[in-house]
Every structure is written in C-alpha cells, then in structure tokens.
Amino acid sequence: MEAISIMDGLVLTVVSMLVVFAVLTALWGITEWTAKLVGKETPPVAAPQKNQTPVVTQASQLVANPKHQLVAELMALTLASQDQPNKKLEIHESIRIK
C-alpha cells in the first residue's frame, strides 16, 4: 500500500468536495428548470380594495383540490398499512367529510 502525504490528502479532499458541490448545484439547477417547464403557476388573487367588502365563502362552496385529495388518500393508506407493511390495500371510493 502506498503512503499518501498530508498535502496530497488535503488536495484530494478539496477536489472531492468541489466535485460533490458541483454535482449538487447541477442537480438543483436541473430541478428548478424542470419545475419551470412543468409547473403551472396560479394567478395571484387580487386584494380587496378599501371600498369593497371582503367576500366570505361558506364551507359548502369549497372546491376539492385534487392534490390535497391524493395526499389524504396516500396518508390514509400509509396509516392503514402501518402494522402490516406487506398487505395490499386499495381505495374504492374517496368521500370528503366536513
């Protein structure tokens, strides 16, 4: 086995860290670029003006968000299979409860 000097070890450490940071920065850039291509931003909601009264929405007028519904279903499956990890579970119906 060949002996490595302290200076060679430090150079190797610094170069290795720079390579890791460069790869992480590239992955971060690719992720941001992909998010901009795929993601759709929702238009900002206009703030009520001083003369207008704020609109109050009732609970019956709320619209289900498909992303929130998916997260709720996945959490329900996770909690249901917590004691039995190999059990196959399936969602037959998803009902929103107020």
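Residues numbered from 1 in each chain as written. Predicted model: local features only at pLDDT ≥ 70, side-chain atom pairs only at ≥ 80, totals over all residues. Heavy atoms only, no water.

## Some remarks on the overall build of the protein
- Helix and strand counts for the protein come out as two helices and zero strands.
- Counting every position in the protein, which comprises 98 residues, the buried fraction comes to 2%.
- If you sum the accessible surface of the protein, you get close to 10200 Å²; carbon and sulfur atoms cover 65% of it. (Helix = DSSP H or I, 4+ residues; strand = E, 2+ residues; numbered from the N terminus. Buried < 20%, exposed > 50% of the residue type's maximum accessible area, 1.4 Å probe, protein only. Areas by Shrake-Rupley, 256 points an atom, 1.4 Å probe, with all protein chains shown as cover.)

## Brief notes about the side chain of serine 81
- Within the secondary structure, serine 81 sits in the segment after helix H2 (66-80).
- Polar contacts involving the side chain of serine 81 include one to the main-chain carbonyl oxygen of leucine 77, which spans 3.0 Å. (Polar contact = N/O pair within 3.5 Å; in protein donor to acceptor, adjacent residues only side chain to side chain.)

## Re the UniProt feature "transmembrane region" (unreviewed entry) in the protein
- UniProt's feature table lists "transmembrane region" (unreviewed entry) at residues 6-30, given in the numbering used throughout.
- Annotation note: span residues 6-30, helix share 100%, strand share 0%, distance between end C-alpha atoms 36 Å. (UniProt positions renumbered as here; feature names shortened; annotations may be inferred.)

## A closer look at a nonpolar patch on the surface
- Taken together, the side chains of Val11, Val15, Met17, Val19, Val20, Phe21, Val23, Leu24 and Leu27 define a hydrophobic patch exposed on the protein surface, amounting to about 810 Å² of accessible area.
- Position of phenylalanine 21 among the secondary structure elements: in helix H1 (residues 6-38). (Patch = residues over 30% accessible without salt bridge, like charges linked within 9 Å, V, L, I, M, F, W, Y side chains within 5 Å. Salt bridge = Lys/Arg side-chain N within 4 Å of Asp/Glu carboxyl O.)

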